[in-house]
Amino acid sequence: MEFSAQQIADILGGAVEGNPDIKLSTFDKIETAGPAALTFLANPRYSNFLYTTDAGAALVSRDFTPTQTVKTTLIRVDDPYASLAQLMALADQMLNPQPSGIEQPSFVAEGVAIPADCYIGAFAYVGAGARLGEGVRLYPQTYIGRGVTVGEGTIIYPGAKIYHGCKIGRNCIIHAGVVIGGDGFGFAPTPDGSYNKIPQLGIVEIADNVEIGANTTVDRATMGRTYVGQGTKLDNLIQVAHNVEIGCNTVMASQSGIAGSAKVGSNCMVGGQVGIAGHITIGDRVNIGAQSGLHSNTADNQTIMGSPAINARKWMRNTGYINRIAELFERVNQIEKTLKNQ
Amino acid sequence: MEFSAQQIADILGGAVEGNPDIKLSTFDKIETAGPAALTFLANPRYSNFLYTTDAGAALVSRDFTPTQTVKTTLIRVDDPYASLAQLMALADQMLNPQPSGIEQPSFVAEGVAIPADCYIGAFAYVGAGARLGEGVRLYPQTYIGRGVTVGEGTIIYPGAKIYHGCKIGRNCIIHAGVVIGGDGFGFAPTPDGSYNKIPQLGIVEIADNVEIGANTTVDRATMGRTYVGQGTKLDNLIQVAHNVEIGCNTVMASQSGIAGSAKVGSNCMVGGQVGIAGHITIGDRVNIGAQSGLHSNTADNQTIMGSPAINARKWMRNTGYINRIAELFERVNQIEKTLKNQ
Amino acid sequence: MEFSAQQIADILGGAVEGNPDIKLSTFDKIETAGPAALTFLANPRYSNFLYTTDAGAALVSRDFTPTQTVKTTLIRVDDPYASLAQLMALADQMLNPQPSGIEQPSFVAEGVAIPADCYIGAFAYVGAGARLGEGVRLYPQTYIGRGVTVGEGTIIYPGAKIYHGCKIGRNCIIHAGVVIGGDGFGFAPTPDGSYNKIPQLGIVEIADNVEIGANTTVDRATMGRTYVGQGTKLDNLIQVAHNVEIGCNTVMASQSGIAGSAKVGSNCMVGGQVGIAGHITIGDRVNIGAQSGLHSNTADNQTIMGSPAINARKWMRNTGYINRIAELFERVNQIEKTLKNQ
């Protein structure tokens, strides 16, 4: 697979600056790209590499102004990262054809209809009453419990498990090892100190275009549903507890956790290893720094950080002061001496 | 499935206040319940919803005194949450009959006896010398290693894996993706900077009535055993390292981790994302706030918070002061100016 | 299996002090060892147990000087922990013979050659174009995607999944539930607030002698590779994001996470629940305390702690001062009063 810089510019509606005939057959990062690679410059942090890269060509923004001589061919586009994504999707389709057909042995319960264009990998399990949309791809060793619905075009990677009754939307991507619909963590204490299990009778509902990263867990509701809204993207190893509701187009980085019955709004950006306490409400467009801990309701449009989380700028100032706290003790010691000697 | 408020009160030994004949066919949260739903009020945080809920009936405490007009039928019981659990367990039995029989293909090593009322799901693997108690349910794609013991009535959900030699008690619930008995993280450094693996020859022993959440990992001991005591409940994505010992009836929320050889007592409550250092001892009835870090031994009956964890009240006070640290610097600046000008 | 203290000393090149004929048939920790057990003393924290242990014999350092009477037989060696590891490896080979052969049903794509001494467990899946080295052991329910390479002697435990195109080195140990090669978390925002997926076209490459703990996830690169260097050991439930590079012989404890494109050097020791931000570089021989958060580049040979991480000693001092912050406020109050009254 090989394209010229001009062919790529034509696909993207971009403009070539340099050699339009240079042949490109791969993608690579700007630091390591060789002459056959197309690279890109989206993050200014990497702009110095543009002057030294061996890449055959680079996608740059239309308004990018070089500060040194550039030897690589430039392809100017509106949004280099979006253009890259567009090209990579094309390449992905060509390089990684999706599997189809039904591999054996697999287990499909009696009465379950498998649309013609689905893929059912070996050792996949589809329980009674499950409904699969067109083009669903169940990779090997996946588990689809009794009565589960999987919307058209959704891909479920190896070993992901969906417990009974849960609903997965259309065009979702569920990565390997994900567990959807395990029991929420609900127990009633008894007088002798032991716990009685609260049965978890609800479900998980995942809307359309959601992606869920490897080994993330989304628990079923005690009653009603645990909900992940349309277009939301969850990274790996995230915990979503019972009865949590997440809005649309929220992105959450790895190892974050949301405790029971919390609500997280739409278009939020949540850093890694964040903890969100149970029963609180986080608004829309909230940005949460990595490792933060949220203990209380948070209004729309906040940028917060720390544990307990506060305004991110205030957190940074506090952090600076804390790093000078030894100095402050020393200054107070001095003041006290001065006063004593007065 | 439909019950009247009176039928439900009779099951629970409760008293109806309102319409005893109202028909209830589902459970729901107080905020969203409709006329066919039974709801409950256990957490005072939600009491305002009682006056506006559309629920057909609500379980409330015998001593609950409404402060406004209540239109829903009340069923008064000693402990609304425990009563709810009791009803939900009944509903669960009716709605979610447990599977039974041996699905094919599954793999049972020669010589392993499967009691008549067990469930062995498709693609489950039972290794040589494994012993399964009566009523054990192995869901599809589970792995039971060589010589593993699983006590009667225990349920192991899809894709959970138990390495060789480990012992699981009776009436346990092991959720999807759990790994029990993986090698502890033990390596001996060598002079060239590389590491030699310390073989992990011990086992994991899980006592009766333990529940372990999805994708949690419990490592086998270097020698001896890693132990989880009776009635303890571990949430999802928890790490329990080699040679850890956890007492009875301790509940630990998601994404917490216990490092090697640490001991955690009985009846503790551990919040989410907590870290417990290796080789330390945590007493009984210790409450640990979310995201805490424990570096040293902790006596019985403490409530602690923070990293490093301290008394929770002190932690809250400190947090308040830290949020005023900029002010303190400013005040010290002023004092120094005043003294300079004296 | 039984050895005398003298036989063990001969294997290790050690010297017996006490009864050379005592028979030993198991290993145990010094606190709990009985008369048939060999124990060891490596961590001085446990030295008091040496005087009370019931162990038949104990490995101790050649230069260990008892401070009380020792009743157990001592076997003096250069490095008790390394000697223990050596003996345990011998015991492991005798007690836990590795499985071999091909169990059925398993799935091996047409054209894939399985070397004679491999083990392919039941329900394992080997995709088209995969290459397995000699002695590879694929436990039940493992998934080896299209075009994956697994080097000789590598063990992949039950239910681990390797996505297409990834490369695993020789003599690696990949524990149950590990996911290697899931899509990196890359999305391009669109004007309407939704996200377009950036296809992740790169791979994961794992060098030789790497061990990866249960349910850890290592994402494939956007382009190029995500890399884990030779001899590195990752504990359970760790997240390694796309395009991360980790050097050689680095050990990382459970539940830590490394964000996209970060570089971590060689011979580092990373505590549990640490977060490393994206696009930063951590040098060689860096020691990072548990629960730290790294936001910026870190030079070689640092010992750091906290979030944001600073020099560990400074962090400890700061922590001490923070615990006295209430006192400092009170002292400043007093000073202000004094000045007001002057």
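Residues numbered from 1 in each chain as written. Chains lettered and ligands numbered in written order. Predicted model: local features only at pLDDT ≥ 70, side-chain atom pairs only at ≥ 80, totals over all residues.

Colleague: How should I be thinking about the overall build of chain A in this particular structure?
Modeller: Across its full length, chain A carries four helices and 39 strands. Whereas a compact globule of 342 residues would reach a radius of gyration of roughly 20 Å, chain A reaches 26 Å, over 25% beyond that. Here chain A holds 342 residues, and 55% of them are scored as buried. For chain A, restricting intrachain contacts to residue pairs at least 6 apart in sequence, the fraction spanning at least 24 positions comes to 20%. (Helix = DSSP H or I, 4+ residues; strand = E, 2+ residues; numbered from the N terminus. Rg over C-alpha atoms; globule rule 2.2 N^0.38 Å. Buried ≥ 20, exposed ≤ 12 C-beta atoms within 10 Å, placed from the backbone. Contact = placed C-beta atoms within 7 Å.)

Colleague: How do you make sense of the relation of the copies chain C and chain A when you look at a structure like this?
Modeller: The pair of chain copies shares a relation made of a rotation about an axis and a shift along it. When chain C is fitted to chain A, the residual RMSD is 0.1 Å, and the transformation amounts to a turn of 120° plus an axial shift of 0.0 Å. Such a turn and shift between the copies fits a three-fold axis. (Least-squares fit on C-alpha atoms with pLDDT ≥ 70 in both.)

Colleague: Looking at this model, I keep getting lost on the environment of Ser194 of chain C. Mind explaining?
Modeller: For Ser194 of chain C, the location among the structural elements is in the loop between β21 (187–189) and β22 (195–197). Residue classification places Ser194 of chain C among the partly exposed residues on the basis of 16 C-beta atoms within 10 Å. What Ser194 of chain C contacts, discounting residues up to four positions off in sequence, is Gly231 and Asn249 of chain A.

Colleague: Could you clarify how one ought to interpret the interface of chain B and chain C in this entry?
Modeller: By a widespread convention, an interface's size corresponds to the accessible area lost as its parts come together. Facing 51 residues of chain B, the contacting portion of chain C comprises 54 residues. Top element by residues in the side of chain B that touches chain C is helix α4 (residues 325–341) of chain B. It accounts for five residues. Tallied by class, the residues present in the side of chain B that touches chain C amount to 25 nonpolar, 20 polar and six charged. (Nonpolar A, V, L, I, M, F, W, Y, C, P; charged D, E, K, R; others polar.)

Colleague: Quick question: what am I supposed to make of the environment of Thr67 of chain C here?
Modeller: Residues and elements named next belong to chain C. Structurally, the position occupied by Thr67 is in the loop between β6 (57–61) and β7 (73–77). Thr67 sits in the exposed class, given 9 other C-beta atoms within 10 Å. Thr67 sits 210 residues away from Ala277 along the chain, and the two C-alpha atoms are 48 Å apart.

Colleague: Honestly, unusual backbone geometry in this entry has me stumped. Any pointers?
Modeller: Residues apart from glycine generally show negative phi values, whereas peptide bonds are mostly found in trans. Cis geometry marks the peptide bond from Ser307 of chain A to Pro308 of chain A, where omega comes out at 0°. Assignment of secondary structure puts Pro308 of chain A in the loop between β38 (303–305) and β39 (310–311). Note that the residue after Gln104 of chain C, namely Pro105 of chain C, is joined by a cis bond; omega there is 0°. Non-glycine residue Asn267 of chain B carries a positive phi angle of around 55°. Of note, Asn171 of chain C is a non-glycine position whose phi angle comes to about 55°, a positive value. Using a count of 16 C-beta atoms within 10 Å as the deciding quantity, one classes Asn171 of chain C as partly exposed.

Colleague: Whenever I open this one, the sheet that holds strand β5 (residues 37–40) of chain A confuses me. Can you help?
Modeller: Each strand in a sheet pairs with its neighbour through backbone hydrogen bonds, running either in the same direction (parallel) or in the opposite one (antiparallel). All names here are of chain A. A sheet is described by the order of its strands in space; here five strands give the open sequence β2-β7-β6-β5-β4, paired in mixed fashion. Strand pairing shows two members of the sheet lacking a second neighbour, β2 (15–17) and β4 (26–27), which therefore form its edges. Relative to strand β6 (residues 57–61), β5 runs parallel, the two sharing three bridges. Looking at the pairing, Thr39 lines up with Ala58 of β6. Most of the contacts of helix α1 (residues 5–12) go to strand β7 (residues 73–77), to which it runs at about 5°, and overall it touches β2, β5, β6 and β7. Set on the sheet, helix α2 (residues 80–95) makes contact with β4, β5, β6 and β7; between it and β6 the angle comes to about 135°. (Pairing = 2+ DSSP bridges. Axes fitted to C-alpha atoms, helices over the stretch in contact; angles between N-to-C directions.)

Colleague: When you look at the domain arrangement of chain A in this model, what are you seeing that I'm missing?
Modeller: Domain boundaries assigned for chain A yield domain 1 (3–95) and domain 2 (101–316). Each of domain 1 of chain A and domain 2 of chain A was reduced to a C-alpha centroid, and the two centroids are 36 Å apart. (Domains from an automatic or database assignment.)

Colleague: Looking at this structure, I do not really get the interface of chain C and chain A. What am I missing?
Modeller: With 51 residues of chain C at the interface, the matching set in chain A holds 54 residues. Where the side of chain C that touches chain A is concerned, the elements lending two or more residues are β20 (179–182), β21, β22, β25 (217–219), α3 (312–322) and α4 (325–341) of chain C. Looking at which element gives the most residues to the side of chain C that touches chain A, the answer is α4 of chain C, with five residues. In terms of residue class, the side of chain C that touches chain A is made up of 25 nonpolar, 20 polar and six charged.

Colleague: Where do I start with the packing of helix α3 (residues 312–322) of chain A against α4 of chain B in this structure?
Modeller: Think of two packed helices as two axes; the pair is described by the angle between the axes and how far apart they sit. Orientation of α3 of chain A relative to α4 of chain B, taken along the N-to-C sense of each, is 50°, at an axis distance of 9 Å. The orientation of α3 of chain A with respect to α4 of chain B, classified from their angle, is oblique. Here α3 of chain A contributes Arg317, Asn318, Tyr321 and Ile322 of chain A to the contact with α4 of chain B, which in turn contributes Ile325, Ala326 and Phe329 of chain B. Of the residues contributing to the contact of α3 of chain A with α4 of chain B, the split by class is five nonpolar, one polar and one charged. (Parallel < 35°, antiparallel > 145°, perpendicular 65-115°, else oblique.)

Colleague: Looking at this model, I keep getting lost on the nonpolar core. Mind explaining?
Modeller: Nonpolar side chains in soluble globular proteins tend to end up buried together. Judged by nonpolar contacts, the single largest core of 303 residues is most densely connected at Ala58 of chain A, Ala58 and Ile75 of chain B together with Ala58 of chain C. Residues contacting Ala58 of chain B, with those up to four places away along its chain left out, are Ile30, Thr39, Phe40, Leu41, Leu50, Thr53, Thr72 and Leu74 of chain B. (Core = buried A, V, L, I, M, F, W, Y, C linked by C-beta atoms within 7 Å.)

Colleague: Is there a simple way to think about the sheet that holds strand β38 (residues 303–305) of chain B in this case?
Modeller: Residue and element names in this part refer to chain B. Read from one edge of the open sheet, twelve strands run β8-β10-β13-β16-β19-β24-β27-β30-β33-β36-β38-β39, paired in mixed fashion. Among the strands making up the open sheet, the edge pair consists of β8 (101–102) and β39 (310–311). In the sheet, strand β36 (residues 287–288) pairs with β38 via two bridges, with the strands oriented parallel. Paired with Ile288 across the strands is Ile304, a residue of β38.

Colleague: For this particular structure, what's the right way to read helix α1 (residues 5–12) of chain C?
Modeller: Helical geometry: 3.6 residues make up each α-helical turn, so side chains three or four residues apart lie on a common side. All names here are of chain C. Residues Ala5, Ile8, Ala9 and Leu12 constitute the buried set of α1. End-on, the buried residues of α1 take up no more than an arc of 100°, which puts them together on one face. A positive backbone phi angle near 65° is found at Gly13, which sits one or two residues after α1. (Arc of directions from axis to C-beta.)

Colleague: Whenever I open this one, helix α2 (residues 80–95) of chain B confuses me. Can you help?
Modeller: With 16 residues, α2 of chain B extends 22 Å between its outermost C-alpha atoms, agreeing within 8% with the 22 Å of an ideal straight helix rising 1.5 Å per residue. Here α2 of chain B has its buried residues at Pro80, Tyr81, Ser83, Leu84, Ala85, Leu87 and Met88 of chain B. (Expected span 1.5 Å × (residues − 1).)

Colleague: I'm lost on the confidence of the model for chain A in this one. Help?
Modeller: Low-confidence regions, as indicated by low pLDDT, have predicted coordinates that should not be scrutinised in detail. When pLDDT is averaged along chain A, the result is 96; 100% of the residues meet or exceed 70. Across the predicted assembly, pTM comes out at 0.95 and ipTM at 0.94. (pLDDT = per-residue confidence, 0-100.)

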